[in-house]
Amino acid sequence: SPDDFYSALDKRPNRSYDRYKAFARMFDAAVNSEEKVDLLVLPENYLPFEWLPVVARLCANNQMALVTGIEHIITPTVTKERRGRVYNLTATILPYMHDEYPFAAISYHNKVEYSPEEKEQIEGRGYEFLNGNLYQLFCWKDVWFPVYCCFELASIQDRALFQSYADMVVAVEWNKDIPYFSNIVESLTRD
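Rules of the game
- Residues numbered from 1 in each chain as written.
- Predicted model: local features only at pLDDT ≥ 70, side-chain atom pairs only at ≥ 80, totals over all residues.
- Heavy atoms only, no water.
- Helix = DSSP H or I, 4+ residues; strand = E, 2+ residues; numbered from the N terminus.
- Buried < 20%, exposed > 50% of the residue type's maximum accessible area, 1.4 Å probe, protein only.
- Expected span 1.5 Å × (residues − 1).
- Arc of directions from axis to C-beta.
- Contact = heavy atoms within 4.5 Å.
- Pairing = 2+ DSSP bridges.
- Axes fitted to C-alpha atoms, helices over the stretch in contact; angles between N-to-C directions.
- Parallel < 35°, antiparallel > 145°, perpendicular 65-115°, else oblique.
- Left-handed = near helix turned anticlockwise from the far one by under 90°.
- Nonpolar A, V, L, I, M, F, W, Y, C, P; charged D, E, K, R; others polar.

**Some points on unusual backbone geometry**
Right, on to step 1. The backbone phi angle of Asp-99 is positive, close to 50°, even though this residue is not glycine.
Right, on to step 2. For Asp-99, the position within the fold is in the loop between β5 (89–98) and β6 (101–110).
Right, on to step 3. Overall, the relative accessible area of 58% leaves Asp-99 in the exposed class.
Right, on to step 4. Of note in this structure, Lys-141 is not a glycine but carries a positive phi near 55°.
Right, on to step 5. Among the structural elements, Lys-141 can be located in the loop between β8 (137–140) and β9 (143–149).

**Details of helix α2 (residues 17–31)**
Right, on to step 1. For α2, with 15 residues, the first-to-last C-alpha span of 20 Å sits near the 21 Å given by 1.5 Å per residue.
Right, on to step 2. Buried residues of α2: Arg-19, Phe-23, Phe-27 and Ala-30, and no others. Seen end-on, α2 carries its buried residues on one side only, within an arc spanning 65°. Facing away from the buried side of α2, by more than 90 degrees, are the exposed residues Tyr-17, Asp-18, Arg-25 and Ala-29.
Right, on to step 3. Contacts made by the buried residues of α2 are with α1 (2–9), β1 (39–41) and α3 (52–62).

**Structural notes on the sheet that holds β6**
Right, on to step 1. Spatial ordering of the open sheet is given by β1-β2-β5-β6, a layout of four strands whose pairing is mixed. Of all the strands in the sheet, just β1 and β6 have a single pairing partner and so form its edges. The mean angle between the axes of side-by-side strands here comes to 15°, regardless of whether they run parallel or antiparallel.
Right, on to step 2. As judged from the three bridges shared by β1 and strand β2 (residues 65–69), these two strands associate in the parallel manner. By the bridge assignment for β2, Val-41 is matched with Val-67.
Right, on to step 3. Of the strands in this sheet, β2, β5 and β6 touch α3, which is tilted by about 130° from β6.

**Some points on the sheet that holds strand β4 (residues 84–87)**
Backbone hydrogen bonds hold the strands of a sheet together, and the pairing may be parallel or antiparallel.
Right, on to step 1. Pairing within the open sheet is mixed, and its three strands lie in the order β3-β4-β7. Here the strands that pair on one side only, and so sit at the sheet edges, are β3 (73–76) and β7 (127–129). Looking at each pair of strands side by side, their axes are set apart by 30° on average, direction ignored.
Right, on to step 2. Strand contacts of helix α4 (residues 116–124): β4 and β7, with the helix running at about 145° to β7, the strand carrying the most contacts.

**Looking at the packing of α2 against α3**
Right, on to step 1. Where α2 contacts α3, the two axes come as close as 12 Å, and the packing angle between them is 15°. In terms of orientation, α2 lies roughly parallel with respect to α3. Judged by the twist between their axes, the crossing of α2 over α3 is right-handed. Contacts between α2 and α3 pair Tyr-20, Phe-23, Phe-27 and Val-31 from the former with Val-54, Val-55, Leu-58, Cys-59 and Asn-62 from the latter.
Right, on to step 2. By residue class, the composition of the contact of α2 with α3 is eight nonpolar, one polar and no charged.

Written out as structure tokens, the structure is:
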């Protein structure tokens, strides 16, 4: 929610049981649906980083993949100009079996392109944002897919990187500008 985004940037993160219950209900609904859910995609800035070990174990035990935005992570810096550095990560959790035991691998993606509004929110609080510099291509259950985070889809060059390799594109999104991103997705499908 927007409140969770702002409270994380203000170093008052929401770690309430109600927030976890909301996630657990959604995860359980995906696991217990009549149609087997193989991959659950959650929005940008959705899960707290601290919850990932528990969530990865849930994914492993249920053999369900998950792509989610991680709540912004703030690390302190030693400069007088900036209070800290903000990371906007996406986690891709892919389960697998080994010797009949369930496991899950977690891969992180640091956002390459921040939206102007996100930059303003971060810099307005005295932080600097750290841009990532790479994209990843995953193969799981014989399906190849890259993962993009929100504003990264606005770059024609970036979203075309895996054009001849990807079977699908996964995007985590947290933006209320539905017409803008609808047009981008329409363009992406034509690409």
